[in-house]
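Now for the letters of each chain:
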Amino acid sequence: MRQKIGLFGILVGIAMTFVACSPAEKKVTVDMEKITSEIQAMEDAYSAGEKAKDADAVVAYYSDDAISYSRNRQPLVGKAAIREYIANNIAKDTTDNYSVYKIVDLFVEGDSAVEIGSWTDFDASGKQVENGNYMSYFQKRDGKYVCIRDMSTTTKAVKSGM
């Protein structure tokens, strides 16, 4: 019996030695300031593209396999569908309104980031005409973030019958 207990004690000791000597998980530090700056620059470029009525500049925000969700329409699947939707909106726009996008919260883990933001539409004179919120999910691909999913909503009241 003593031999079994002794042998068991030795095995436990060896196992604990291996566990204690195994390399610790590497902690990856995230430079939130850098990532926040990078994502905000993407939002600013999106806004500038809209203001310039340049659908290609706007859609540069998205990955090829992106899906965009919005109120009162089916999701737009793929960069080409998103571009077509944006180009149609730009072609119909006669208001010269522009949007400003701001990061409210940003969560980063590995090569993924989730942004919660606010948007505000202004008319040509700078008067606020509408605002809302959005959420974008980014993945880092080929060294830069691209939006693979986004969703937005407005604070404007829903019209009756919708």
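For the structure itself, look to the data block above.
This section reports on the structure supplied with the text. Per-chain numbering applies: the sequence of each chain, read as written, is numbered from 1 onward. The predicted nature of this model means local features are confined to residues of pLDDT at least 70 and side-chain atom pairs, given and counted, to a pLDDT of 80 or more, with totals for whole chains, interfaces and linings taken over all residues. Hydrogens and waters are ignored; side-chain quantities use all the structure's heavy atoms.

1. Looking at helix 4 (residues 79-92)
Three or four residues apart is the spacing at which side chains of an α-helix point the same way, because the helix has 3.6 residues per turn.
No. 1: Going along the chain from the N terminus, every DSSP run of H or I of four or more residues is numbered as a helix, and every run of E of two or more is numbered as a strand. Expected helix span is taken as 1.5 Å per residue step, with the number of steps being one fewer than the number of residues. With 14 residues, helix 4 extends 20 Å from end C-alpha to end C-alpha; this agrees with the ideal 20 Å at 1.5 Å per step.
No. 2: Under the scheme applied here, a residue whose accessible area is under 20% of the maximum for its type counts as buried, over 50% as exposed, and between as partly exposed, the area being computed with a 1.4 Å probe on protein chains only. Looking at helix 4, one finds that the buried residues are Ile82, Ile86 and Ile90. Down the axis of helix 4, the buried side of the element spans an arc of 70°, and every buried residue falls inside it. Seen from the buried face of helix 4, the exposed residues on the opposite side, beyond 90 degrees, are Ala80, Glu84, Ala91 and Lys92.
No. 3: Structurally, helix 4 contributes buried residues whose contacts are with helix 2 (32-51), helix 3 (55-59), strand 1 (62-70) and strand 2 (76-77). Directions pointing from the helix axis toward each C-beta atom define the arc. Residue contacts follow a heavy-atom distance rule, with two residues in contact if any of their heavy atoms lie within 4.5 Å.

2. Quick word on the nonpolar core
Soluble globular proteins tend to bury their nonpolar side chains together.
No. 1: Counting 23 residues, the largest nonpolar core has Tyr62, Ile86, Phe138 and Tyr145 as its most contacted members.
No. 2: For this core, the elements supplying multiple residues, two or more each, are helix 2, helix 3, strand 1, helix 4, strand 3 (98-109), strand 4 (112-122), strand 5 (128-141) and strand 6 (144-154).
No. 3: Top contributing element to this core by residue count: helix 2, with four residues.
No. 4: When near neighbours in sequence (up to four residues on either side) are disregarded, Tyr145 contacts Ile35, Glu38, Ile39, Met42, Val108, Gly110, Asp111, Ser112, Ala113, Phe138, Gln139 and Lys140. Residues enter a nonpolar core if they are buried and are Ala, Val, Leu, Ile, Met, Phe, Trp, Tyr or Cys, with the set joined through side-chain atoms within 4.5 Å.

3. Here we look at the pairing of strand 3
No. 1: By this definition, two strands are paired if DSSP reports at least two bridges between them. Of the strand pairs in this sheet, strand 3 and strand 4 are connected by eleven bridges, and their pairing is antiparallel. The partner of Tyr101 across the bridge, within strand 4, is Trp119.

4. What to know about the pattern of salt bridges
No. 1: By definition, a salt bridge exists where a carboxyl oxygen of Asp or Glu is found within 4 Å of a side-chain nitrogen of Lys or Arg. Counted by the stated rule, this structure contains three salt bridges.
No. 2: Note that Asp93 is salt-bridged to Lys53, the shortest N-O span being 2.7 Å. Separated by 40 residues along the polypeptide, Asp93 in the loop between helix 4 and strand 3 and Lys53 in the loop between helix 2 and helix 3 bring together distant segments of the chain.
No. 3: In this structure, Asp56 and Arg83 form a salt bridge, with 2.6 Å as the shortest nitrogen-oxygen distance. With Asp56 in helix 3 and Arg83 in helix 4, this residue pair connects regions lying 27 residues apart in the sequence.
No. 4: Look at Asp56 and you get partly exposed, because its relative accessible area is 45%.

5. Description of the packing of aromatic side chains
No. 1: Aromatic rings from Phe, Tyr and Trp, taking only the six-membered ring of Trp, are treated as a pair when their centres fall within 6.5 Å; an angle between ring planes under 30 degrees marks them as stacked, one over 60 as edge-to-face, and anything in between as tilted. Tallied over the entire structure, the rule returns seven aromatic pairs.
No. 2: Taken together, a centroid distance of 6.2 Å and an interplanar angle of 65° make the contact between Tyr46 and Tyr62 edge-to-face. Placement of the pair is Tyr46 in helix 2 and Tyr62 in strand 1, with a sequence separation of 16 residues.
No. 3: Chaining the aromatic ring pairs together yields one cluster made of Tyr46, Tyr61, Tyr62, Tyr101, Tyr134 and Phe138.
No. 4: Distance and angle both matter: a charge sits over a ring if NZ of Lys or CZ of Arg is within 6 Å of the ring centre and within 35 degrees of the ring normal. Here Lys51 stacks its cationic end above the ring of Tyr98, 4.3 Å away from the centre of that ring.
No. 5: A cation over a ring is seen here: Arg73 above Tyr85, with NZ or CZ 4.5 Å from the ring centre.

6. Looking at helix 2
No. 1: In a regular helix each residue adds 1.5 Å, so 20 residues correspond to 28 Å; helix 2 covers 28 Å between its end C-alpha atoms and thus fits that length.
No. 2: Within helix 2 the residues assigned to the buried category are Ile35, Ile39, Gln40, Met42, Glu43, Tyr46, Ser47 and Gly49.

All we've got here are geometric facts, nothing functional implied.
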